[in-house]
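Residue strings, one per chain:
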Amino acid sequence: MTKTSRKPKVARATEPNAGIRSKLQKRLVSLCKQFDKMVIDDIFLHLASQNSLAQDWSLSDPKTIRDKQRLKEISSAVLAAWRRDNAAFRADIEGYVDRNIASWTSKATTAARKLAVWVARTIAADVTASQRSAYIAAGLSPDIFKERWTVPVLRQHISQSAAQALPDLIKWSTELITRMALRDVERLQNLISEGLQKGQSVTEIRHFLSVTDGFSADRARNVAIDQTNKITQGIARANDSELGVTQGVWIHVSGQYTSRETHKAMHGKRFDLNRGLFDSEAGRYTFPSLEPFCRCTYRPVIPMDALGIKRND
């Protein structure tokens, strides 16, 4: 009688934390709104005074009588300049944007990196806690984590491999958030010119810009989903490598509106965590959550013999 191979012992999959994703979404919206306000303030102050006035953040939300009076003065000066020569005025806006885009990019990058550090470290701690719980439930001794996951992050200890992966994850996240913020500069520039052409005041244009957000809640949600998924899976694979886990079982998770047919076909397939599975649609080997907005995950295959764990089956 031929002996049948036993099914691999697996731990449960590590899922992205919905609470962290929600907080990231809100912080992305806040960051981009603050960036928009900075750019708008800079442009209007330049138009009104050709840089003779110092930057005044109170113009974003004037409360005193003097602040409100300054906005009226700026509005009158801007409209007068526009009426004198709107072609030259538009060119002046474009030139000012070109001269200041590097400075704005630097400021956006600083804010983006701060957010990226927060989300990467928060997810790393959350993922590690989830993995530890899953492995203990599958039969691993808690002592093994003290030996192999040794780098402190928040209230957890992650693996050395995960700690080494964090800088690249933070860099990727920072670059993505920065690009998202900068995408709105051209939109703001055009809307300011269009508002002036219609004879709108600075106050009216500012109000219009505040209710026509370029970085919408939907965009923030999509970015938050993609970032939390990718960071979650990246940390999980890095932690697994320190435990000697080399294989996983692909778990397909449907998207909100659609799913990749190739990823549906991957569901339940065993794969090498260092190589991934070949995705014919992408034309390469891939991992869960690597492709844009992929929500797939995996169940780690526990190396029972290597970890000294006895099977009951």
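Residues numbered from 1 in each chain as written. Predicted model: local features only at pLDDT ≥ 70, side-chain atom pairs only at ≥ 80, totals over all residues. Heavy atoms only, no water.

Draft legend 1. Structural view of the overall build of the protein chain. Check the secondary structure of the protein chain and you find nine helices and seven strands. Intrachain contacts of the protein chain at a sequence separation of at least 6 include 73% that bridge at least 24 residues. Surface exposure of the protein chain reaches about 16,400 Å², of which carbon and sulfur atoms provide 50%. (Helix = DSSP H or I, 4+ residues; strand = E, 2+ residues; numbered from the N terminus. Contact = heavy atoms within 4.5 Å. Areas by Shrake-Rupley, 256 points an atom, 1.4 Å probe, with all protein chains shown as cover.)

Draft legend 2. Region of interest: the packing of helix 5 (residues 160-182) against helix 8 (residues 217-242). One way to put it is that helix 5 packs onto helix 8 with a least axis distance of 9 Å and a crossing angle of 165°. For the element pair helix 5 / helix 8, the angle class is roughly antiparallel. Seen along the crossing, helix 5 lies across helix 8 with a hand that is right-handed. Of helix 8, the residues touching helix 5 (which contributes Gln 160, Ser 161, Ala 162, Leu 166, Leu 169, Trp 172, Ser 173, Leu 176, Ile 177 and Met 180) are Arg 219, Val 223, Asp 226, Gln 227, Lys 230, Ile 231, Ile 235, Ala 238, Asn 239, Ser 241 and Glu 242. Looking at the contact of helix 5 with helix 8, its residues break down into 11 nonpolar, six polar and four charged. (Axes fitted to C-alpha atoms, helices over the stretch in contact; angles between N-to-C directions. Parallel < 35°, antiparallel > 145°, perpendicular 65-115°, else oblique. Left-handed = near helix turned anticlockwise from the far one by under 90°. Nonpolar A, V, L, I, M, F, W, Y, C, P; charged D, E, K, R; others polar.)

Draft legend 3. Focus on the sheet that holds strand 7 (residues 297-301). With antiparallel pairing, three strands are arranged side by side in an open sheet as 4-3-7. Every other strand in the sheet has two partners, leaving strand 4 (270-272) and strand 7 as the edge strands with one partner each. Going across the sheet, the axis of each strand differs from the next one's by a mean of 40°, ignoring polarity. Here strand 3 (residues 247-251) runs beside strand 7; their pairing, made up of five bridges, is antiparallel. Bridge pairing in strand 7 links Trp 250 to Tyr 298. (Pairing = 2+ DSSP bridges.)

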